[in-house]
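Observations on the three-dimensional arrangement
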Amino acid sequence: SMTQDTETPALSKSAAKKLAAKQAKEAKKAETQARLKAEAEARDADDYSKERYGKLPTCNSREKTGRSWTEIEDLSKDMVESEVLVRARVHLSRLTGKQCFVKLRHRYYSVQVVYAVDDKISKQMLKYIGGCPKESIVDVTGTLVTAGIPVESCSQKLLEIQGSSFHVVSEAAPQLPLQIDDASRPLADDGPVVNQDTRLNNRILDLRTPANQAIYRIGHGVAALFREYLSGIGFTEIHTPKIISAASEGGANVFKVSYFKGNAYLAQSPQLYKQMAICADIERVFTVGAVFRAEDSNTHRHLCEFVGLDIEMAFKEHYHEVLTVIGEMFLNMFKGLQTKYATEIETVYKQYPAEPFKFIEPALRLEWPEAIRMLREAGVEIGDFDDLSTPQEKFLGKLVKAKYDTDFYILDKFPLEIRPFYTMPCPHDPKYSNSYDIFMRGEEIMSGAQRIHDPALLEERAKVHEIDLETIRSYIDSFKFGSSPHAGGGVGAERVLMLYLGLDNIRKSSMFPRDPKRLTP
């Protein structure tokens, strides 16, 4: 018998029908695509606005055109009827028939741009603008005009721009993990609320809200005013090591890191180095730098890494010489924030309303026995030498505010036994000490003291605290070659910022907070 050729068997009728239908469908699809492409090309050809909009090539510093951009906040009445070029983010765009309204945002400033179909602006251009993803950075040109009706949703209420071009400098992804409007919404208003973890996980977007833009400008002010005031009265800024061989404040709450073949620790305070600078005759020093605390505290006011504003100063006969300087430094800071950052403070209060921060001049200084008396008169049961709990501190703050009308005060003369071993005892009553805390809105922001500068007394006090002298030998030896009497203190920049503004959480005043549960972003 003959071997049969392996041919494709003939298709059954139903299969042939299916195939024909599929081919017809594909042909129709190709035809439709070709038609749409041709229509798009035709539209493109008669799109008389092509040059006026679109995506710019990635800026790689290719050219210098000499053009000048105007910031949204600098647009003013005397520029009306002139052409302006603005670079900002698209906060939102709204397409309505033959008009498109775009709200541009830069930091806490915003302006409305209106595009209308005419002989310069095509429908295609309008559609493109309406579809631009929110948060994209754009260059817009147009004529500055007086707004027909005040634009309540923008900071520039009385001016708007009649748009003539729209170019995307950097396009945002179409899906945003959080909406800026939701993240900017005051708690009192209705609408979606962005929770804290979502904010911190998408911090780059979260930081774009007007309140956050303002908070970190004011944060800059806190450190700048600290530096400026102290520099003006003869202080020297120093930098201290953060990797050290033994824990700064004794054993607990310290991060251990590997250091070549051994271990090292992250500094819990620049204390030792500030004091060494005093012993080296740099008699007034301050430092601004990271401080690490391995405290497993998940509270509204604790961070594992914060910015320490530290100060140490030699004095002639009484530590109040130093306390006066510290008080003046804070008052100068508060006044500087009030005058130089008024817009920013107002911007923060819009989202996070608070009572403006109050202080009196000169700074109020209370002594410990007086504070205990105030608490007892208000019904608090407390021993003469008991440390204050956080709720007691807050309550004392309320009593002080009621009596003296200040959110800022100094509490002086703490009981010796609740202070660190290096604190100088009070000469008039050894149960007290030459040490102080400073409070803002009832929360402690700074602890400080006159330090013991006599090695023998330092050893004696360390023994009372049951500290192994060998672990602090280098500290004690710092004072062997003569040391000026000195005092100082340290403050957390984030805490000052939080309490000045009356914010409820330190994570609102730390740009990238580190707490026991967060190491990113």
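Residues numbered from 1 in each chain as written. Predicted model: local features only at pLDDT ≥ 70, side-chain atom pairs only at ≥ 80, totals over all residues. Heavy atoms only, no water.

Quick look at the overall build of the protein chain
Scanning the protein chain from terminus to terminus reveals 14 helices and 17 strands. With the C-alpha coordinates aligned to their principal axes, the bounding extent of the protein chain is approximately 115 × 90 × 55 Å. Buried positions account for 46% of the 521 residues belonging to the protein chain. The contacts of the protein chain with a sequence gap of at least 6 include a subset with a gap of at least 24, amounting to 69%. Carbon and sulfur atoms form 52% of the exposed surface of the protein chain, whose accessible area is close to 27,800 Å². (Helix = DSSP H or I, 4+ residues; strand = E, 2+ residues; numbered from the N terminus. Buried < 20%, exposed > 50% of the residue type's maximum accessible area, 1.4 Å probe, protein only. Contact = heavy atoms within 4.5 Å. Areas by Shrake-Rupley, 256 points an atom, 1.4 Å probe, with all protein chains shown as cover.)

Section: the side chain of Arg495
By the element assignment, Arg495 lies in helix H14 (residues 493-501). No salt bridge is formed by the buried Arg495. Its closest oppositely charged neighbour is Glu444, at 4.1 Å. A polar atom in the side chain of Arg495 sits 2.8 Å from the backbone oxygen of Arg301. Within the structure, the side chain of Arg495 is placed 3.2 Å from the backbone oxygen of Glu444, a separation counted as a polar contact. (Lys, Arg positive; Asp, Glu negative; His and termini not counted. Salt bridge = Lys/Arg side-chain N within 4 Å of Asp/Glu carboxyl O. Polar contact = N/O pair within 3.5 Å; in protein donor to acceptor, adjacent residues only side chain to side chain.)

Observations regarding the packing of helix H6 (residues 210-232) against helix H9 (residues 342-351)
To characterise two packed helices, one gives the angle between the axes of the helices and the distance between these axes. Relative orientation of the contacting elements H6 and H9 amounts to 140 degrees, with a least axis distance of 8 Å. Relative to H9, the element H6 is oriented oblique. Once H6 is placed against H9, the crossing between them reads as left-handed. Of the residues in H9, those touching H6 at Pro210, Ala211, Ala214, Ile215, Arg217 and Ile218 are Glu344, Ile345, Thr347, Val348 and Gln351. Its residues assigned to classes, the contact of H6 with H9 comprises seven nonpolar, two polar and two charged. (Axes fitted to C-alpha atoms, helices over the stretch in contact; angles between N-to-C directions. Parallel < 35°, antiparallel > 145°, perpendicular 65-115°, else oblique. Left-handed = near helix turned anticlockwise from the far one by under 90°. Nonpolar A, V, L, I, M, F, W, Y, C, P; charged D, E, K, R; others polar.)

Examining the environment of Cys100
By secondary structure assignment, the location of Cys100 is in strand S3 (residues 99-106). Given the relative accessible area of 0%, Cys100 is considered buried. Excluding residues within four positions of it along the chain, Cys100 makes contact with Ser93, Arg94, Leu95, Val113, Val114, Tyr115, Leu126, Ile129 and Gly130.

Considering the pattern of salt bridges
Summed over all chains, the structure comprises 29 salt bridges. When the shortest N-O distance is used, the salt bridge between Asp310 and Lys274 registers 3.0 Å. One end of the pair, Asp310, is in strand S12 (residues 305-314); the other, Lys274, is in helix H7 (residues 271-279), and 36 residues separate them in sequence. With respect to class, Asp310 is no different from Lys274; both count as buried. Each of Lys274, Asp310, Glu312 and Arg451 takes part in a single network of salt bridges with overlapping partners.

Structural notes on the sheet that holds strand S17 (residues 486-492)
Read across the sheet, eight strands follow the order S7-S11-S12-S17-S16-S15-S14-S13 without closing on themselves; strand pairing throughout is mixed. Lying at the two open borders of the sheet, with one neighbouring strand each, are strand S7 (236-237) and strand S13 (364-367). Across seven bridges, S12 lies against S17 in antiparallel orientation. Bridge pairing in S17 places Leu309 opposite Val491. Relative to S13, helix H10 (residues 368-377) is tilted by about 80 degrees, and along the sheet it contacts S13 and strand S14 (408-412). (Pairing = 2+ DSSP bridges.)

Remarks on the environment of Arg105
Positionally, Arg105 belongs in strand S3. In this structure Arg105 comes out as buried when scored by relative accessible area, which is 6%. The spacing of Arg105 and Pro210 is 105 residues in sequence and 9.3 Å in space, taken between C-alpha atoms. For Arg105, the contacting residues outside a window of four places in its chain are Ile72, Ala88, Arg89, His91, Ser110, Glu135, Ile180 and Arg208.

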